[in-house]
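# Geometric and topological summary
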Amino acid sequence: MKKTLFDKVWDAHVVDTVENGPQVLYIDKHLIHEVTSPQAFNELEERNIPVFRPQQIAATADHNTPTLEQHLPVKDELSRKQLAQLSENCRKNNITLYELGHKYNGIVHVMAPELGITQPGMTMVCGDSHTSTHGAFGTIAFGIGTSQVAQVFASQCLLLSKPKSLRVTVNGTLKNGVLSKDVILYIISKLGTNSGTGYFCEYAGDVFEKMSMEGRMTVCNMSIEMGARGGMIAPDETTFDYVKGREFAPKNEAFDKKVAYWKTLPTDDGAPFDKEYFFDAEDIEPMVTYGTNPGMGIKISDTIPVNNDPSFKKSLQYMNFEAGKSLIDTPINFVFIGSCTNSRIEDFRVAADYVKGKKKAKNVTAWLVPGSKQVETQIIEEGLKDIFNDAGFELRQPGCSACLAMNDDKIPQNEYCVSTSNRNFEGRQGQGARTILASPLMAAATAIEGKIIDITKQLN
Amino acid sequence: MEKFKTHTSQAIPLNIANVDTDQIIPARFLKATDKKGFGDNVFRDWRFNKAGKAVSNFSLNNPLYSGSILIAGDNFGCGSSREHAAWALVGFGFKVIVSSFFADIFKGNALNNGLLPVQVSEGFLNALFAAIDTDASTLFEVNLEAQTISIKGTNLSESFEIDPYKKTCMINGYDDIDYLLSKKELIEAFELQKPY
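This section reports on the structure supplied with the text. Please read all numbers here as calculations on a predicted model, not as lab measurements. (Residues numbered from 1 in each chain as written. Chains lettered and ligands numbered in written order. Predicted model: local features only at pLDDT ≥ 70, side-chain atom pairs only at ≥ 80, totals over all residues. Heavy atoms only, no water.)

## A few points about helix α5 (residues 146–155) of chain A
One turn of the α-helix equals 3.6 residues, which is why residues spaced by three or four share an orientation. Residue and element names in this part refer to chain A. Within α5, 10 of the 10 residues are buried, leaving the element largely enclosed by the surrounding structure. Taken together, the buried positions of α5 are T146, S147, Q148, V149, A150, Q151, V152, F153, A154 and S155. Among the residues trailing α5, Q156 stands out with phi positive, at a value near 60 degrees. (Buried < 20%, exposed > 50% of the residue type's maximum accessible area, 1.4 Å probe, protein only. Helix = DSSP H or I, 4+ residues; strand = E, 2+ residues; numbered from the N terminus.)

The following block contains the structure:
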């Protein structure tokens, strides 16, 4: 039978099938962080169940960590306690932890790929919905709740019903100024926030084949924003080159053997999908969101659609935008470049390339938050930090930061923030804050101009 | 986990689509290391303004509405995987959430906490909202064994789907850990001869 990439990886991990019910799926790698793990550790302790495979778990501190003065004790008491709890839980259970200050510390979905923990053909989970990021490697990776974190601790398995399959194909050549972030925002704007619910999505076509691993991670990261539990891209030479030589990647002959297996994973010609969508790369433009879910996005040259649905109107009211209007020239005081969507070195290179020799607008506060210590080091070593400093941007230390504003990095009430993160929900970046999702290039341009511009007008 | 067979109650309406888990429980409340107290902050930024004053026209604050069933708009629970959202709804006292569509991870989290997600057709959802509009004291009955939800005092009823395994778990109060631990030998055997 012809199989999809998803089928091949899933089927290879089925331990057992419950009669008329879900399957027992084996999990290769389990990533944890401070926010969604403590209750799972408690549960195991209360029931006197040991962690089954601690060596298959990697932990990091990212969600509520400060992005300034990380060498000092964390000021917020609850955050400090939660971080201490993670350290204690990892120590007690022999789990490797990249805590605050560690040279490998970073956002869980940036840290694991750059260390080579993420590899093609694996199953990976984390108590975080953006675990879909790792699907960029041809991995089945998805977010889970804390009860499931406890299940994986206890058994290295999960009880799951196999999701349906969906494929999004984008062929053609992307226009100048259109980044991977625009591609995924465009797809979500076309398909809506729940079109993927119950599905695992494969991204196929030239556009993804030509993308770097960083770009593929940005795309897969936002699969959950159309409801899909995960997204996947077939592993190819770009993938193998990225994985090769990384800290936890297989070495020498073991690597070659793995590559031979990974090459068998791409979807067979003619394998069936439950749902398919096709788009042309030429139709995509730089994107911005105007509402309070990631599906509410438009091309920069378009105007906000008119819609009488009460939820839609509520959303525009929150954003203080009007139907029928363009976002171009909207004054912006806050810009955030960071999050598990866009905080990898490539994102900062794009931003630095644009910013070089320019100065940010006086009204703008521009935060740059690298995804990991390694990215931070690279930014400094490549001289990008100097470019950003000269332009008046502030390079902070790694973490989830203003993407979800669990730490002090909050956008003030009623302020717009052009953000490279993944969610524009009400209050996501701070109570009453208004998020506009965009690419790192659009974010950098906004910081320079102090307002939203059509970047293509400058580039062409 | 508490056993769930049938549940009859008044309901609180929340006729908004795409309610995300950041609204159910904002991120700044996720710093606890236990499951207690989240109910106090459920829908925090819709229930209270920035000064901490209750927003009187929000349905959870409206004295007209009460009960342990929440009837919500389409695509309920989208966004973050935080199980804190399920803990917050349970903590507030909800036993059942009704919507025309649930986000995947939320649905699983709800089921793992004895909170029953009942997915109904759009037409029936509108009938539920209309019934509350007409009389806020209307009672609704959810029968898990029969997989039905009905509006008491009327002949309006609809059946709903649930994974048979999850149904057994809810009715008996079992959880997945017990099941997975019973498969330990199979899991260890799998590890010794992984096909990849």
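## A short note on the sheet that holds strand β7 (residues 140–143) of chain A
Residue and element names in this part refer to chain A. Taken in spatial order, the five strands line up as β5-β4-β3-β6-β7 in an open sheet, and their pairing is parallel. Edge positions in the open sheet fall to β5 (96–98) and β7, since each of these has one partner strand only. Going across the sheet, the axis of each strand differs from the next one's by a mean of 20 degrees, ignoring polarity. Running over the sheet, helix α3 (residues 77–92) touches β3 (29–32), β4 (57–60) and β5 and is turned about 155 degrees from β5. (Pairing = 2+ DSSP bridges. Axes fitted to C-alpha atoms, helices over the stretch in contact; angles between N-to-C directions. Contact = heavy atoms within 4.5 Å.)

## Re the packing of helix α12 (residues 345–355) of chain A against helix α15 (residues 440–449) of chain A
Residues and elements named next belong to chain A. Where α12 contacts α15, the two axes come as close as 8 Å, and the packing angle between them is 35 degrees. At the point where α12 passes α15, the crossing takes the right-handed sense. For the pair α12 and α15, the contacting residues are D347, V350, A351, Y354 and V355 in the first and P440, L441, A444, A445, I448 and E449 in the second. For the contact of α12 with α15, the residue count by class is nine nonpolar, no polar and two charged. (Left-handed = near helix turned anticlockwise from the far one by under 90°. Nonpolar A, V, L, I, M, F, W, Y, C, P; charged D, E, K, R; others polar.)

## Things to note about the nonpolar core
Nonpolar side chains in soluble globular proteins tend to end up buried together. Within the largest apolar cluster, 108 residues are counted, with the highest numbers of intra-cluster contacts made by F43, F76, L89 and L116 of chain B. With seven residues, α15 of chain A is the largest single contributor of residues to this core. Shared between two domains, this core takes at least three residues from each, and those domains are domain 1 (5–276) and domain 2 (302–459) of chain A. Ranked by size, the runner-up nonpolar core spans 75 residues in total, among them L5, L44, I144 and I233 of chain A. (Core = buried A, V, L, I, M, F, W, Y, C linked by side-chain atoms within 4.5 Å. Domains from an automatic or database assignment.)

## Overview of the pattern of salt bridges
Residues and elements named next belong to chain A. What the rule picks out here adds up to 33 salt bridges over all chains. With its nearest N and O atoms 3.5 Å apart, the salt bridge here joins D329 to K451. A residue pair is termed long-range when its members are at least 10 positions apart, and D329 in the loop between α11 (310–319) and β15 (334–337) and K451 in the loop between α15 and α16 (455–459) qualify at 122 residues. Note on D329: relative accessible area 46%, which makes it partly exposed. In this structure K451 comes out as partly exposed when scored by relative accessible area, which is 30%. (Salt bridge = Lys/Arg side-chain N within 4 Å of Asp/Glu carboxyl O.)

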